[in-house]
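# What the coordinates show
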Amino acid sequence: MAKPKSRTATTVLVLQGGGALGSYQAGVYEALAECGEIPCWVAGISIGAINAAIIAGNPPERRIERLRAFWDLASSRVTIPSLTRDGEVRRWFNEMSAGIVAMTGIPGFFEPRLIPPGMLWPDIPQAISFYDTAPLRQTLLDLVDFDLLNAKKGVRFSVGAVNVLTGNFVYFDNREREIIPEHIMASGALPPGFPPVFIEGEPYWDGGLVSNTPLQYVLDTSPNGGLTIFQVDLFSARGRMPLTLPDALQREKDIRYSSRTRLNTDLNKQMERLRDAARRLVEKLPDELRDDADARMLAELPTHGGVSIMHLINRSEMNESHSKDYEFSRYTIDEHWATGHKDAHRSLHDDRWKGRDVHASGIATFDLTSDL
């Protein structure tokens, strides 16, 4: 494995939610590690929170092994290879695999309840979810070193969830609290499949209900100074016009969970330009106006000193449908992993990325696989 590069910028890995598609993120991380791009901060939502915990909660030399252990376990129920890569046979195979998951669950992740929720008494978490996520807690304890995850000088770790009672979005950050398995499980507790996770008496659901990408949190809470952000999205905001009802269901899900990736980065670019303009304006003011409270507030607006964001986006294949986020066959999981690995390697070696000005102010975004 290549040694981490010496750099002044903070390297951040931002991981979106997306169920079975999350093996794409594991492939991306493998490529980043091979190229020496070792993050010092990992932020995730839902399946991105699980991948983030495995990365931050293991030493660099064990991370790929642990990620592989999780994804091999999750995909162990359907291991029959597809008869073809594309076409209707492959789509049928994918739908069959997703159906098996819906009926039997995922090893080490979730399992169907013996008693359907409609037959249970109200006022208990089991009555509002179809699956039990207790197996995930044990998997996290097996694959994540929580002492390392909570080490003061370790990798910064942040995961997002939603308070069921208030609807407020919250991040659990190891710089502010001790992280336990429940924080990670809460980030991925997507209703009505999964039950809310209680933390200090408060119920939490999947953070993707509010925002499926933790980029804004990273920008809002990062220290002043340069940032190199690898944002790994599992749903593409852009796509083809649907031709069938399953296509329409898939496209709706893509739009809903892509969290308007480009809109958010474009908005942050504009805000960064406004901050720079405000500071330049204050410098032009006469001395008697620089002490004005409004001028001081403008002068104190934070700046990141240059942000480079590489977008790595898992784009839909022709054989996928709306069930792609719970299609956990080994064949498909390995495909997503390989695609993430390939996309990251290609992007890291692209001259537009290698030749960027890392000292330039503002936010620069790079989506280097969009034309493939």
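Residues numbered from 1 in each chain as written. Predicted model: local features only at pLDDT ≥ 70, side-chain atom pairs only at ≥ 80, totals over all residues. Heavy atoms only, no water.

### Here's the deal with the overall build of the protein chain
Basically, it comes down to this: The way it works is that DSSP assigns letters per residue, a run of H or I at least four long becomes a helix, a run of E at least two long becomes a strand, and they are numbered from the N terminus. Restricting the calculation to C-alpha atoms gives the radius of gyration, and the globule rule supplies 2.2 Å times the number of residues raised to the power 0.38. Burial classification: accessible surface area is computed with a 1.4 Å probe over protein chains only, and a residue below 20% of its type maximum counts as buried, one above 50% as exposed, and the rest as partly exposed. Between two residues, a contact is recorded if the distance between any of their heavy atoms is within 4.5 Å. Here, Shrake-Rupley sampling with a 1.4 Å probe gives the accessible areas, and only protein chains in the shown set may cover a residue. A positive count includes Lys and Arg, and a negative count includes Asp and Glu. His and the chain ends are not counted in either. To locate a charge, take NZ of a lysine, CZ of an arginine, CG of an aspartate or CD of a glutamate.
Counting its regular elements, the protein chain contains 14 helices and 11 strands. Relative to the globule expectation of 21 Å for 372 residues, the C-alpha radius of gyration of the protein chain, 21 Å, shows essentially globular dimensions. With the C-alpha coordinates aligned to their principal axes, the bounding extent of the protein chain is approximately 75 × 50 × 45 Å. Among the 372 residues that make up the protein chain, the fraction classed as buried is 52%. The long-range fraction of contacts in the protein chain, counting pairs at least 24 apart against all pairs at least 6 apart in sequence, stands at 74%. Element-wise, carbon and sulfur atoms account for 57% of the exposed surface of the protein chain, whose accessible area totals about 17,600 Å². Across the protein chain, the 41 positively charged side chains and the 49 negatively charged ones have centroids separated by 4 Å.

### Here we look at the UniProt feature "active site" (unreviewed entry) in the protein chain
Our working definition: UniProt positions are given in the numbering used here, feature names are shortened, and annotations may be inferred rather than shown by experiment. The rule is simple: put a 1 Å grid over the protein atoms alone, call a set of points where a 1.4 Å probe fits but cannot get out a cavity, call an open set with protein on both sides within 12 Å along at least five of seven lines a pocket, and count a residue as lining if it has an atom within 4 Å of a point. Within 3.5 Å is the distance limit for a polar contact, defined as a pair of N or O atoms, with the added protein rule that one can donate a hydrogen and the other accept it, and that residues adjacent in sequence qualify only through two side-chain atoms.
When the UniProt feature table is mapped onto this chain numbering, "active site" (unreviewed entry) sits at S46 and D206. The greatest C-alpha distance among the annotated residues, which extend across 161 residues, is 6.1 Å, indicating that they converge on a single site. Taking the annotated residues in turn, S46 and D206 line the second largest pocket. With respect to the helices and strands, S46 occurs in the loop between β2 (41–44) and α2 (47–56). Not counting residues within four places of it along the chain, the set of residues in contact with S46 comprises G17, S187, G188 and D206. Looking at the element boundaries, D206 is found in strand β8 (residues 202–206). Exposure remark for D206: the relative accessible area of 3% places this residue in the buried category. Here the side chain of D206 touches S46 through a polar contact of 2.7 Å, side chain to side chain.

### Structural notes on unusual backbone geometry
In the segment running from P191 into P192, the intervening peptide bond is cis, with an omega of -5 degrees. Locating P192 in the fold gives a position in the loop between α7 (181–187) and β7 (197–199). One non-glycine residue, S46, lies in the positive phi region at around 60 degrees. Of note in the backbone geometry, E200 takes a positive phi value of approximately 50 degrees without being a glycine. Residue classification places E200 among the exposed positions, given a relative accessible area of 75%.

### A look at empty space enclosed by the protein
To be explicit about the condition: Grid points are joined across faces, edges and corners, and a volume is the space filled by probe spheres set on the points. Here the nonpolar group is Ala, Val, Leu, Ile, Met, Phe, Trp, Tyr, Cys and Pro; Asp, Glu, Lys and Arg are the charged ones; every other residue, Gly included, is treated as polar.
Within this structure, the stated rule accounts for two cavities of 30 Å³ or more. In this structure, the largest cavity occupies an estimated 60 Å³ of space. Lining the largest cavity, in full, are L21, N94, N319, E320, S321, S323, K324, E327, T332 and H336. Considering only residue class, the lining of the largest cavity consists of one nonpolar, six polar and three charged. Considering only enclosed or pocket space, the second largest cavity measures out at about 50 Å³ in volume. The wall of the second largest cavity is formed by I50, F109, T133, L136, M185, G188, A189, F194, P195 and V197. Partitioned by chemical class, the residues of the lining of the second largest cavity number eight nonpolar, two polar and no charged.

### With respect to the environment of E95
Mapped onto the elements of the fold, E95 is located in helix α4 (residues 87–104). Residue classification places E95 among the partly exposed positions, given a relative accessible area of 31%. A C-alpha to C-alpha distance of 9.4 Å links E95 and H322, two positions 227 residues apart in sequence. Ignoring anything within four residues of it in the chain, the contact list for E95 reads S321 and S323.

### Observations regarding the packing of helix α3 (residues 63–74) against helix α5 (residues 134–143)
Applicable threshold: Fitted lines through C-alpha atoms serve as axes, helices being fitted only where they are in contact, and the angles separating the N-to-C directions of these axes extend from 0 to 180 degrees. Under this scheme an angle from 65 to 115 degrees is roughly perpendicular, one under 35 degrees roughly parallel, and one over 145 degrees roughly antiparallel; angles in between are oblique. Handedness of a crossing follows from how the near helix is turned relative to the far one, being left-handed for an anticlockwise turn of less than a right angle and right-handed for a clockwise one.
Following both chains from N to C, one finds α3 and α5 inclined at 155 degrees, their axes separated by 11 Å at the closest point. Comparing their axes, α5 and α3 come out roughly antiparallel. Where α3 crosses over α5, the two elements pack in a sense that is right-handed. Residues R66, A69, F70 and L73 of α3 form the contact with α5, whose participating residues are T139, D142 and L143.

### Focus: α5
To keep things clear, this is the line we draw: What the arc covers is the set of directions going from the helix axis to the C-beta atoms.
Residues P135, L136, T139, L140 and L143 constitute the buried set of α5. The buried residues of α5 occupy one face: seen down the axis, they fall within an arc of 140 degrees. On its buried face, α5 is in contact with α2, α3, β3 (111–112), β4 (131–132), α6 (146–149) and α7.

### Some points on the packing of aromatic side chains
This is how the line gets drawn: Side-chain rings of Phe, Tyr and Trp, where Trp is taken by its six-membered ring, are said to pair if the distance between their centres is within 6.5 Å; with planes under 30 degrees apart they count as stacked, over 60 as edge-to-face, and otherwise as tilted. When the NZ atom of lysine or the CZ atom of arginine is within 6 Å of a ring's centre and also within 35 degrees of its normal, the charge is said to sit over that ring.
Enumeration according to the criterion identifies 15 aromatic pairs in this entry. With centroids separated by 5.1 Å and ring planes inclined at 85 degrees, the aromatic side chains of F70 and W71 adopt a geometry described as edge-to-face. Side by side, F70 and W71 carry an identical accessibility label, which is buried. Aromatic pair F110 and F194: ring centres 4.9 Å apart, planes at 55 degrees, arrangement tilted. One end of the pair, F110, is in the loop between α4 and β3; the other, F194, is in the loop between α7 and β7, and 84 residues separate them in sequence. Ring pairs connect the aromatic residues F70, W71, F109, F110, Y131, F194 and F328, which therefore count as one cluster. The ring of W337 has R68 lying over it, and the distance from NZ or CZ to the ring centre is 3.7 Å.

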